[in-house]
Amino acid sequence: INTSVFGYNYGDINAGERLIDVQCASTNTSVGNAIEMVFGVNFADGRIKGYGTTMMGEAKVFNYLLVRGKTDYGQNSFSDNWDGTISDDATGLMWMQDDSETGMNWEDALSYAEGMEYAGYSDWRLPDIKELQSILDYSRSPQSTGSAAIDPVFNCTEITNKAGESDFPYYWSSTTHANWTDGNEGAWAAYLAFGRAMGNESMSSAIPGGETPPDGAVPGGETPPDGAVPDGETPPDGATDPMGGGQTDSQMIIWTDVHGAGAQRSDPKAGSASEYPAGNGPQGDAVRILNHVRLVRNI
């Protein structure tokens, strides 16, 4: 957030908080989840996640950033061009109606965009994270509508998630996730979950959507399991859990939707697809290296 115009404070370490414990709640709730979750924006690290509204039987408290005016902000005006493209007059952007149909790492996603010629246009590109966010529909989810969190004018590839459920892809953005962890500067990119935002529930003592910070959490991130780099890696789309839902060392893997369709996360731009079967962080976030792509261009 622009701190030259907005007041901002990080989490209070002396009070037992992490620096990133400054989630601002929104009015959007995750639809279709068994546990009530509200989406919050974390202005410390840029992530958007569904957070449980209770923790250990008590109402959870959040930060709030209030707004007024322009109640139609963010409302799309889609037009089907009947050539495999969708225009949004609200943003002046044209989108490809289909996605890439397969996952790829971030560098390959950039190359995929740069080499694309489609519907008579050659200026297709990978959307930045705010552009990608503009077509996300929080009123839809695999659980509530049997669809991706996007207007049905778009086509979304079906995948099998880590719990073996029919699901929908995560999409890369062109946005690099700023990170001050030594050795990881520029190594991660932001993406959005248009289906379930999976995590390993056994990694946390908190209910789905809550966060229990581990001891020794690093500034600006979440402490990974032993031997893992921050936001490590999970198998590609369509792959089943390489552990077969079994155990890693001493933990049972329990994959579930911990953050809700519409979550914004970030993971490494490259890597191997089998090193981190148990996920990462307090909720064992299923880390994405091979994500799908939906291209955009300016009208």
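Residues numbered from 1 in each chain as written. Predicted model: local features only at pLDDT ≥ 70, side-chain atom pairs only at ≥ 80, totals over all residues. Heavy atoms only, no water.

1. Some thoughts on the nonpolar core
Now for step 1: Judged by nonpolar contacts, the single largest core of 23 residues is most densely connected at A109, W124, L126, W172, V293 and L295.
Now for step 2: Taken together, the elements giving at least two residues each to this core come down to β8 (93–96), α1 (106–114), β11 (170–176) and β12 (188–193).
Now for step 3: If sequence neighbours within four positions are ignored, L126 has contacts with W106, A109, L110, A113, W172, S173, S174, V293, L295 and V296.
Now for step 4: Core analysis: the second largest hydrophobic core is formed by 22 residues, F39, A149, A190 and V296 among them. (Core = buried A, V, L, I, M, F, W, Y, C linked by side-chain atoms within 4.5 Å. Buried < 20%, exposed > 50% of the residue type's maximum accessible area, 1.4 Å probe, protein only. Helix = DSSP H or I, 4+ residues; strand = E, 2+ residues; numbered from the N terminus. Contact = heavy atoms within 4.5 Å.)

2. As for the sheet that holds strand β18 (residues 296–298)
Now for step 1: What the four strands build is an open sheet, ordered β6-β7-β8-β18; its pairing is antiparallel. Each of the sheet's edge strands pairs with one partner strand only, and the pair in question is β6 (78–80) and β18. Strand-to-strand twist across the sheet, computed as the mean angle between neighbouring axes with direction ignored, equals 25°.
Now for step 2: Relative to strand β7 (residues 85–88), β6 runs antiparallel, the two being bridged by three bridges. Bridge assignment links S79 to a residue of β7, and that residue is S87. (Pairing = 2+ DSSP bridges. Axes fitted to C-alpha atoms, helices over the stretch in contact; angles between N-to-C directions.)

3. Quick look at the pattern of salt bridges
Now for step 1: Inspection of the entire model under this criterion finds 10 salt bridges.
Now for step 2: The salt bridge involving K70 is made with D72; its shortest N-O contact spans 3.7 Å.
Now for step 3: Judged by its relative accessible area of 42%, D72 falls in the partly exposed class.
Now for step 4: Salt-bridge contacts for R196 lead to D167; the nearest nitrogen and oxygen are separated by 3.6 Å. A residue pair is termed long-range when its members are at least 10 positions apart, and R196 in the loop between β12 and β13 (198–200) and D167 in strand β10 (residues 166–167) qualify at 29 residues. (Salt bridge = Lys/Arg side-chain N within 4 Å of Asp/Glu carboxyl O.)

4. Side note on unusual backbone geometry
A negative phi angle is the norm for most residues apart from glycine, just as the trans form is the norm for most peptide bonds.
Now for step 1: In this structure, M56 takes a positive phi of about 55° despite not being glycine.
Now for step 2: Note that M56 resides in the loop between β4 (54–55) and β5 (58–59).
Now for step 3: Take M56: its relative accessible area is 79%, and that puts it in the exposed class.
Now for step 4: The phi dihedral of A119 is positive, around 55°, even though this residue is not glycine.
Now for step 5: Position of A119 among the secondary structure elements: in the loop between α1 and α2 (129–133).
Now for step 6: Look at A119 and you get partly exposed, because its relative accessible area is 32%.

5. A short note on the side chain of D167
Now for step 1: By relative accessible area, which is 1% here, D167 ends up buried.
Now for step 2: Side chain to side chain, D167 and N161 meet in a polar contact 2.8 Å long.
Now for step 3: Discounting chain neighbours no more than four positions away, the residues touching D167 are P142, T157, E158, I159, N161, G195 and R196. (Polar contact = N/O pair within 3.5 Å; in protein donor to acceptor, adjacent residues only side chain to side chain.)

6. Details of α1
Now for step 1: Every buried residue of α1 is accounted for by W106, A109 and A113. For α1, the angular spread of buried residues about the axis comes to 50°, placing them on one side. Facing away from the buried side of α1 by over 90 degrees, the exposed positions are E107 and E114.
Now for step 2: Residues of α1 that are buried sit in contact with β11 and β12.
Now for step 3: Two or three places before E107, at the start of α1, stands the capping residue N105, its side-chain oxygen 3.3 Å from that residue's backbone nitrogen. (Arc of directions from axis to C-beta.)

7. Considering the packing of aromatic side chains
Now for step 1: Summed over all chains, the structure comprises eight aromatic pairs.
Now for step 2: The interplanar angle of 85° and the centroid separation of 5.3 Å between the aromatic rings of Y8 and Y10 together place this pair among those described as edge-to-face.
Now for step 3: You can call Y10 partly exposed: its relative accessible area is 42%.
Now for step 4: Relative to F194, the ring of Y171 has its centre 5.0 Å away and its plane inclined at 80°; by these criteria the two rings are edge-to-face. On the criterion of sequence distance, the pair formed by Y171 in strand β11 and F194 in the loop between β12 and β13 is long-range, its members being 23 residues apart. Residues Y171 and F194 agree in their burial class; the two are buried.
Now for step 5: An aromatic cluster is built from Y170, W172 and Y191, whose rings are joined through pairwise contacts.
Now for step 6: Stacked on the ring of W106, the Lys or Arg K269 has its end atom at 3.9 Å from the ring centre.
Now for step 7: The ring of Y121 has R297 lying over it, and the distance from NZ or CZ to the ring centre is 3.7 Å. (Phe/Tyr/Trp six-rings, centres within 6.5 Å; stacked < 30°, edge-to-face > 60°. Lys NZ or Arg CZ within 6 Å of the ring centre and 35° of its normal.)

8. Some remarks on the confidence of the model for the protein
Reading fine detail from the predicted coordinates is not recommended where pLDDT is low.
Now for step 1: Looking at the protein, the pLDDT average stands at 83 and 82% of residues meet or exceed 70.
Now for step 2: Contacts for the low-pLDDT stretch residues 205–250, under 50 throughout, to residues beyond four places or in other chains number 139 contacts. (pLDDT = per-residue confidence, 0-100.)

9. Some thoughts on the side chain of R265
Now for step 1: Counting through the fold element by element, R265 comes out in strand β17 (residues 264–268).
Now for step 2: For R265, the side chain forms a polar contact with the main-chain oxygen of A286, separated by 2.9 Å.
Now for step 3: When residues no more than four places from it in sequence are discounted, the contact partners of R265 are R47, K49, Y170, A189, A190, Y191, A197, M198, H259, D285 and A286.

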